[in-house]
There are 2 protein chains.
Amino acid sequence: MAEFSIIEEFCHGIGPDHAETKLGIGDDAAIIAVPAGMELAISADTMVSGVHFFADVNPAKLAHKILAVNLSDMAAMGAEPKWATLVLTIPEFDTDWLGAFSDSLKLNATRFKLQIIGGDTTQGPLNLSITIMGLLPQGQALCRSGAMRGDDVYVSHNVGDAALGLAVLRGEARLDGVFRDSVVSALEAPEPRLTLGQSLLGVASACLDISDGLIGDLGHICQQSRVSIDIDAGLIPLSDAYLQYLANGGNLDLALSGGDDYELAFTASSNRRDEIARIAEQLGISLTRVGSVVTKRQEAVSVSLEGVEYQLPTSFEHFS
Amino acid sequence: MAEFSIIEEFCHGIGPDHAETKLGIGDDAAIIAVPAGMELAISADTMVSGVHFFADVNPAKLAHKILAVNLSDMAAMGAEPKWATLVLTIPEFDTDWLGAFSDSLKLNATRFKLQIIGGDTTQGPLNLSITIMGLLPQGQALCRSGAMRGDDVYVSHNVGDAALGLAVLRGEARLDGVFRDSVVSALEAPEPRLTLGQSLLGVASACLDISDGLIGDLGHICQQSRVSIDIDAGLIPLSDAYLQYLANGGNLDLALSGGDDYELAFTASSNRRDEIARIAEQLGISLTRVGSVVTKRQEAVSVSLEGVEYQLPTSFEHFS
């Protein structure tokens, strides 16, 4: 089957046809109109076999995850995802594999109202990348550079489950039954916090999604906002599965430094506490205050547990 | 070296910082503003080792080519290229290779006024993809669907040199000296016809760039415009190098079906001939009338040479 017909067959009609889409897939380029008063947020993410997923990955789960990871970047900016281009390199034109991939892509793109407007399919070692685009009210984007001294630091839902899921799959940690399922699901099917991101517009001073680990990612806010952050490890929100892992002798490293959670970490002025509590309640998602923005000589994150400095592993292996 | 610092080091500050760029590389997403009255054209293209280039490819030439291929899609729509995201998977973090790649990317991005606003770098089998974005006056895009019965069919510059260059590199064809150099250069460093595409806004009825071969690509215009096209192979514009290849016993197959030329093929009403001649003269590029749009039962391209049907090879291997 020729490249062209593969794209036509597997990428055509994925997601809703937005009113702002003037020309969809099938020409030399797609054409979109950005409404007055809005800006376009754009982000690209790739996933490579053996680096971001196991080689025998389930194609349906892979399609879900690559979408979720990219949608999460839109969530982190407070943008409403609208369009994406998909570039897919696959070892062989296996119609079963492609069918399962495409069905899952279609299902999730529809769920998240994301239209695939371009792409390319080639034969080669498995490699996927998506460039995602979303709309934002002009000048409102949640950047990494806006954190101010005195701001609170928040984390959505809980962290560490995805890294724990990977440890379980690798046989490096043990959890049983429902706990095992829930951490594997956190790894394979993260939930992009889109509504939360959009609710934080005008509320958060800085925001990002946790892809490389809470502490590492907060370090980006420190660098770009030129501030320091103090984190109290005792406040980090943990799942019941993670608490079980702790009870079995685990520690907080995965929650602090493990990647792939795709929760949002954000800073906000302390006079926004009531508003943030209301957002949490409305969305039914916990937003936990885990530290504060300070100024120190070194623009970095410090972690303490019960008043004592918590030493993080210097390097931490995870699917990035 | 961590992924993050690789991107920072090699993709930061590539190309001009456009006034419409509200936030560049380094956050969860870039932010752009599309000016009033303009639309955004978006296209994605990938290149994979062994499929689109030889594994020992020169990184500087590779950077040039991936940009040229993507810029060519903007040319085909008549859009002015502005932004791109770059996703790069490389087998090892070889700073010499990356330095050469990045220098060439920077040089060419600057030349074509293209700003890299996002990206991702991962370790794995060599694979590159770019999603490119450009601006277009509202409703003016050169689509594949506008060709009308009676329109002329044009080709810019000449075709077949890139495929001939590949044949020469593979030892399947022989050319000496300057001719060899010029066809290899046509393959490695195609010239995106950006000014031509923009000049054709409001003039051409349909347009695309020739990536898969003249006849195959014109077939897309037939399908999307629901027309047929008659091509006179004797009118196809050929380079001196190609004429030498013909003199040595070659035929027209590479010119008709070879890919990778990235010239523009377009249709236009016959009452636009003077205007098109003026554009050719102003830009110093030949625009050759090679056939016409007709209506037949089968929406496809027919090729004749000296009044006799020209049989094309049914399948033609090329870097696609």
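This is a predicted model, so every value here is computed, not measured. (Residues numbered from 1 in each chain as written. Chains lettered and ligands numbered in written order. Predicted model: local features only at pLDDT ≥ 70, side-chain atom pairs only at ≥ 80, totals over all residues.)

## Here's the deal with the overall build of chain A
A count of helical and extended segments in chain A gives 10 helices and 13 strands. Relative to a compact globule of 320 residues, whose C-alpha radius of gyration would be 20 Å, chain A shows 20 Å and is just as compact. When its C-alpha atoms are laid out on the principal axes, chain A stretches across 65 × 50 × 35 Å. Here chain A holds 320 residues, and 54% of them are scored as buried. Long-range contacts, defined here as pairs at least 24 residues apart, represent 87% of the contacts in chain A between residues at least 6 apart. (Helix = DSSP H or I, 4+ residues; strand = E, 2+ residues; numbered from the N terminus. Rg over C-alpha atoms; globule rule 2.2 N^0.38 Å. Buried ≥ 20, exposed ≤ 12 C-beta atoms within 10 Å, placed from the backbone. Contact = placed C-beta atoms within 7 Å.)

## Some words on the environment of B:Val159
All names here are of chain B. As for its position among the elements, Val-159 is in the loop between strand 7 (152-156) and helix 4 (161-169). The sequence separation of Val-159 and Ser-182 amounts to 23 residues, and the corresponding C-alpha distance is 13 Å. Residues within four places of Val-159 in sequence aside, it is in contact with Ile-210, Leu-214, Ile-236, Pro-237, Ala-255, Asp-261 and Glu-263.

## Observations concerning the sheet that holds strand 11 (residues 287-294) of chain B
All names here are of chain B. Pairing within the open sheet is mixed, and its seven strands lie in the order 8-10-7-11-9-12-13. Each end of this open sheet is capped by a strand with a single partner; those strands are strand 8 (206-209) and strand 13 (308-309). Sheet topology note: the strand 7/strand 11 ladder contains five bridges and is antiparallel. Counted as the bridge partner of Asp-152 is Ser-292 from strand 11. (Pairing = 2+ DSSP bridges.)

## Observations concerning the interface of chain A and chain B
Taken together, the contact pairs 49 residues of chain A with 49 residues of chain B. For the side of chain A that touches chain B, the secondary structure elements donating two or more residues are strand 1 (21-23), strand 2 (30-32), strand 3 (38-48), helix 2 (59-77), strand 4 (80-90), strand 5 (115-123), strand 6 (127-137) and strand 8 (206-209) of chain A. Among the elements that take part in the side of chain A that touches chain B, strand 3 of chain A stands out by supplying nine residues, more than any other. Along the lines of polarity and charge, the residues of the side of chain A that touches chain B split into 25 nonpolar, 14 polar and 10 charged. (Nonpolar A, V, L, I, M, F, W, Y, C, P; charged D, E, K, R; others polar.)

## Some details on the sheet that holds strand 6 (residues 127-137) of chain B
As summarised here, the arrangement of the six strands in space is 1(A)-2(A)-3(B)-6(B)-4(B)-5(B), forming an open sheet in which the pairing is mixed. One side of each edge strand has no neighbouring strand; the edge strands of this open sheet are strand 1 of chain A together with strand 5 (115-123) of chain B. In this sheet, neighbouring strand axes are inclined to one another by 20° on average, regardless of whether the strands run parallel or antiparallel. In this structure, strand 2 of chain A lies alongside strand 3 (residues 38-48) of chain B, joined through three bridges in antiparallel fashion. What sits directly across from A:Ala30, in strand 3 of chain B, is B:Ile42. Along the sheet, helix 2 (residues 59-77) of chain B makes contact with strand 3, strand 4 (80-90) and strand 6 of chain B, crossing strand 6 of chain B at roughly 25°. (Axes fitted to C-alpha atoms, helices over the stretch in contact; angles between N-to-C directions.)

## A look at the domain arrangement of chain A
Size of an interface, as often reported, equals the accessible area lost when the parts are brought together. All names here are of chain A. What the domain assignment lists for chain A is domain 1 (3-137) and domain 2 (152-309). Each of domain 1 and domain 2 has a C-alpha centre, and these two points are 27 Å apart. Each side of the interface is counted separately: domain 1 has 16 residues, and domain 2 has 16 residues. Contributing elements (two or more residues each) for the side of domain 1 that touches domain 2: helix 2 and strand 4. For the side of domain 1 that touches domain 2, the per-class residue count stands at nine nonpolar, three polar and four charged. (Domains from an automatic or database assignment.)

## Brief notes about the nonpolar core
One finds A:Ala41, B:Ala41 and B:Ala265 to be the most contacted residues of the largest nonpolar core, which totals 202 residues. With sequence-adjacent residues up to four places away left out, B:Ala41 is seen in contact with A:Ala29, A:Ile31, B:Met74, B:Met77, B:Ala79, B:Met133, B:Gly134, B:Leu136 and B:Ala141. (Core = buried A, V, L, I, M, F, W, Y, C linked by C-beta atoms within 7 Å.)

## Quick notes on the pairing of strand 11 of chain B
Note that strand 9 (residues 228-232) of chain B and strand 11 of chain B share four bridges and pair antiparallel. Considered in strand 11 of chain B, the bridge of B:Ile231 is made with B:Gly291.

## Looking at helix 2 of chain B
Residue and element names in this part refer to chain B. For helix 2, which comprises 19 residues, the first-to-last C-alpha distance of 28 Å matches the rise-based estimate of 27 Å (1.5 Å per residue) to within 8%. Along helix 2, 16 of the 19 residues are buried, which leaves the element largely enclosed by surrounding structure. Downstream of helix 2 by one or two residues, Gly-78 has phi in the positive range, about 80°. (Expected span 1.5 Å × (residues − 1).)

## Side note on the relation of the copies chain A and chain B
In summary, the two copies of the chain are related to each other by a rotation about an axis coupled with a shift along it. Note on the copies: chain A fits chain B at an RMSD of 0.0 Å, the axial shift is 0.0 Å, and the rotation between them is 180°. What we have between these two chains is a two-fold relation. A high fraction, 100%, of the interface residues of chain A reappear at the interface in chain B, so the copies pair face to face through one surface. (Least-squares fit on C-alpha atoms with pLDDT ≥ 70 in both.)

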